[in-house]
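Spelled out from the first residue to the last, the chains are:
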Amino acid sequence: MKLSANIANLIIPDYAPFLEQLQANYAAMDRQYDQAAAHYRFDCHACTDNCCRTRFYHFTYVEYLYIMEGVRALRPDRQFEIKSRALEISRKTAALDKQGKPVRLMCPLNFEKLCILYPYRPMICRLHGIPHELRKSANNRIYGGGCETFDRRCRAKNYFTFDRTPFYILMAALENQFKQATGIAGKIRMTIAEMLVGLHI
Ligand code: SF4
């Protein structure tokens, strides 16, 4: 039987190998990001356009599970606070969506401009900000730009090849293995706030 999509409170046995592989994938992303950032001499210092206000979606259960690992390591009062924030963000997001207005709300995990689950943050939080490319096929590459702060500071510099394709392949393979092993069905597309709303504390 297929399990439900909400794994915020699901106890999944023997998932440690999946999270170890996820950590290895993240480490590979971080190395590539650091090389690119060094090339551009780019960092987020004094950035006034905090990307944690971006409505990022996350697409893998294994990342969702890892976020929940991080959440469970927090003090109970902090868990309560982030769930309260997530509920408030969800309420405001629904209202803004209804009005057709853009959503720029701070992620519930950001406290005083810092991510309190920085080692657990998902792929898009790690890769955002630096120009990149994605190989659709041998002759088809899609290029994506950097964030606004990157454009202001580094637009004039030569492009550093930042190919996200291997990371997407690694993550898709890991997600498939995880779903096969756990019996979880379907796909997810969730913000951090949506993940945290389902947290039982
Ligand atoms: S998970 Fe962390 S890095 Fe990602 S948007 Fe939230 S606060 Fe920012």
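Residues numbered from 1 in each chain as written. Predicted model: local features only at pLDDT ≥ 70, side-chain atom pairs only at ≥ 80, totals over all residues. Heavy atoms only, no water.

**A few points about the pattern of salt bridges**
Then step 1. Here the structure, examined in full by the defined rule, presents 10 salt bridges.
Then step 2. Between Asp30 and Arg126 there is a salt bridge whose closest N-O contact spans 2.9 Å. Highlighted residues: Asp30 in helix α1 (residues 16-40) and Arg126 in helix α4 (residues 123-127), separated in sequence by 96 residues.
Then step 3. A residue is classified by how much of its surface remains accessible, and Arg126, at 5% relative accessible area, is buried.
Then step 4. Glu88 serves as the salt-bridge partner of Lys92, at 3.9 Å between the closest nitrogen and oxygen. With a gap of 4 residues between them, Lys92 and Glu88 both fall in helix α3 (residues 76-99), about one helical turn apart.
Then step 5. Look at Lys92 and you get partly exposed, because its relative accessible area is 37%.
Then step 6. Among the ionic contacts, a cluster of salt bridges with common partners joins Asp30, Arg121 and Arg126. (Salt bridge = Lys/Arg side-chain N within 4 Å of Asp/Glu carboxyl O. Helix = DSSP H or I, 4+ residues; strand = E, 2+ residues; numbered from the N terminus. Buried < 20%, exposed > 50% of the residue type's maximum accessible area, 1.4 Å probe, protein only.)

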